[in-house]
Amino acid sequence: MYSHFGLYFTEAHVKQAREQRAREPFQQAWVLLDHYQPPTVVAAIQYLGLRYRFVGDLDAGERALREIESLDVLVDAQQPYIAQVASLAALTQGYEMLCDHPANHGSQSWHDRFMAALEHLEQPYEQLMHVDLVWLNLLHLVAGIILEDSTRFDQAVETFKRVIDHDVHPEGYISKAVHVPEGQENYYGGSLYRMLLTAQALVLTAEAATHAGTDLWQYENRGVSAMTPTPYLLYYYYFPEKWHWETGLALEPVQAFYREHAGLWDIAQRQLFLRDRKVLLDELQPIYDVWGGGLTTLTHGTLEHRRRRGWFG
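A quick note: this is a predicted structure, and the numbers were derived from the prediction, not measured.

**Student:** Before we go on, may I ask you to explain the overall build of the protein chain in this structure?
**Tutor:** A tally of helices and strands in the protein chain yields 15 helices and zero strands. Relative to its length of 313 residues, the protein chain is compact, with a C-alpha radius of gyration of 19 Å against a globular reference of 20 Å. Along the first, second and third principal axes, the C-alpha atoms of the protein chain reach 50 × 50 × 35 Å. Looking at the protein chain as a whole, 58% of its 313 residues qualify as buried. Long-range contacts, defined here as pairs at least 24 residues apart, represent 73% of the contacts in the protein chain between residues at least 6 apart.

Structure (structure tokens):
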């Protein structure tokens, strides 16, 4: 049996956020929890689940369950493949946060639609782009948790370990995320974006597995772990023109993409404090990242002294 609460956070995270409500970065995160405007139905379900978990808002939880039941299908086939996978993973988190809501009596409809969505997304790993592979593997892992499917969960753990063993360079570079078949160079925004999304999926996989009883944060090979790509990526938020594998990267769109997919920085910082990552977090928080765990500054905020200084200052 797996622990069921929030996939990427536990009751201890909620307790800390409540106790530190008046301190930063939690103060800003609580404000955002009151004022966030979800851009999609999936984001709304996730957000309402967070309100249920952190505020005890029963009405929000019931609204989320109604939203879930109202979805005819759980994935939008018109979206890019990675967006379909990541959105279903976010929806899975939303449903998991409602596992003990009084109005959640279990739903065969949800189960059937979820299994249909998984089947729709299923692809042989060897036929996928590397960034798609790691996101599909994250989906397999969280599906294993909510379905109590230990075989699916264990297979996802082994795939994660193979990625760490073979695909992540000790300096943090992931060649398979950057180098793609000819003609696919711009897949999902280009090489830096794919690198960031790959790192995000690894961080989320490690976090979800750890809370489910398998501590993937401690898994290491050749000095490489799920944490390894995150320091490597920090620099390019400020200096995308220094990215070696792509030309023409402009500061504004790169920073916008980093902001949209910023949840990994909160999660990584809670695991291992880095001063340079703190500089970035001071600029980005409070973070709400739909694919990356939701309001991560609330769920994973850290209390180290906040200093607004320059890069590597």
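**Student:** Can you walk me through helix α8 (residues 150-166) in this structure?
**Tutor:** Residue pairs three or four apart in sequence face the same way in an α-helix, which turns once every 3.6 residues. The end-to-end C-alpha distance of α8 is 24 Å, a good match for the 24 Å that 17 residues give at a rise of 1.5 Å each. Every buried residue of α8 is listed here: R152, F153, A156, V157, T159, F160, V163, I164 and D165. Contact partners of the buried residues in α8: α6 (108-121), α7 (130-146) and α10 (191-211). Regarding α8, its N-cap is D149, as a side-chain oxygen of that residue lies 3.2 Å from the backbone nitrogen of T151 further along.

**Student:** I keep staring at the pattern of salt bridges and nothing clicks. Help me out?
**Tutor:** If the charged atoms of two oppositely charged side chains come close together, the side chains can form a pair. Applying the stated criterion across every chain, the model contains eleven salt bridges. Residues R63 and D59 are paired through a salt bridge, measuring 3.8 Å at the closest nitrogen-oxygen approach. Residue R63 and its partner D59 are located together in helix α4 (residues 58-70), separated by four residues, close to a single helical turn. Residue classification places D59 among the partly exposed positions, given a relative accessible area of 44%. For E69, the salt bridge identified is with R113, shortest N-O distance 3.5 Å. Taken together, the residues span a long stretch of sequence, with E69 in helix α4 and R113 in helix α6 at a distance of 44 residues.

**Student:** Explain the packing of helix α5 (residues 81-97) against α7 here, please?
**Tutor:** When two helices pack together, their arrangement is given by the angle between the helix axes and the distance between those axes. Running from N to C, α5 and α7 cross one another at 25 degrees; their axes reach a closest spacing of 9 Å. It follows from the interaxial angle that α5 and α7 lie roughly parallel. The two elements α5 and α7 meet at a crossing, and its hand is left-handed. Along the contact surface, α5 presents Y81, I82, V85, A86, L88, A89, T92 and E96, while α7 presents V131, D132, W135, L136, L139, V142, I145 and I146. Residues of the contact of α5 with α7, tallied by class, amount to 13 nonpolar, one polar and two charged.

**Student:** Could you clarify how one ought to interpret α5 in this entry?
**Tutor:** Helix length check: α5 (17 residues) gives 25 Å between terminal C-alpha atoms against 24 Å at 1.5 Å per residue, within 8%. Taking burial as the measure, the 17 residues of α5 include 17 buried ones, the bulk of the element.

**Student:** Explanation requested: the layout of surface pockets in the structure shown.
**Tutor:** The rolling of a water-molecule-sized probe over the atoms marks out the regions of remaining empty space. By volume, the largest pocket is sized at about 450 Å³. Around the largest pocket sit 22 residues that line it, and T40, V42, Q79, S87 and W291 are the ones nearest its centre. Of all elements in the fold, only α3 (41-55) and α5 reach the threshold of two or more residues within the lining of the largest pocket. In terms of residue class, the lining of the largest pocket is made up of 14 nonpolar, five polar and three charged. Of the volumes computed, that of the second largest pocket is approximately 250 Å³.

**Student:** Would you take a moment to explain unusual backbone geometry for this structure?
**Tutor:** Excluding glycine, residues mostly have negative phi values, and the peptide bonds linking residues are mostly trans. Of note, the amide linkage connecting E24 to P25 takes the cis form, showing an omega dihedral of 10 degrees. Note on placement: P25 falls in the loop between α1 (11-19) and α2 (26-35). Of note, the bond from Q285 into P286 is cis; its omega dihedral lies within 30 degrees of zero at 0 degrees. Relative to the helices and strands, P286 resides in the loop between α14 (275-284) and α15 (296-300). If you check the backbone angles, E148 has positive phi at about 55 degrees while not being a glycine.

The rules behind each value
Residues numbered from 1 in each chain as written. Predicted model: local features only at pLDDT ≥ 70, side-chain atom pairs only at ≥ 80, totals over all residues. Heavy atoms only, no water. Helix = DSSP H or I, 4+ residues; strand = E, 2+ residues; numbered from the N terminus. Rg over C-alpha atoms; globule rule 2.2 N^0.38 Å. Buried < 20%, exposed > 50% of the residue type's maximum accessible area, 1.4 Å probe, protein only. Contact = heavy atoms within 4.5 Å. Expected span 1.5 Å × (residues − 1). Polar contact = N/O pair within 3.5 Å; in protein donor to acceptor, adjacent residues only side chain to side chain. Salt bridge = Lys/Arg side-chain N within 4 Å of Asp/Glu carboxyl O. Axes fitted to C-alpha atoms, helices over the stretch in contact; angles between N-to-C directions. Parallel < 35°, antiparallel > 145°, perpendicular 65-115°, else oblique. Left-handed = near helix turned anticlockwise from the far one by under 90°. Nonpolar A, V, L, I, M, F, W, Y, C, P; charged D, E, K, R; others polar. 1 Å grid on protein atoms, 1.4 Å probe; cavity = no way out; pocket = protein on both sides within 12 Å on 5 of 7 lines; lining within 4 Å. Points joined across faces, edges and corners; volume = space filled by probe spheres on them.

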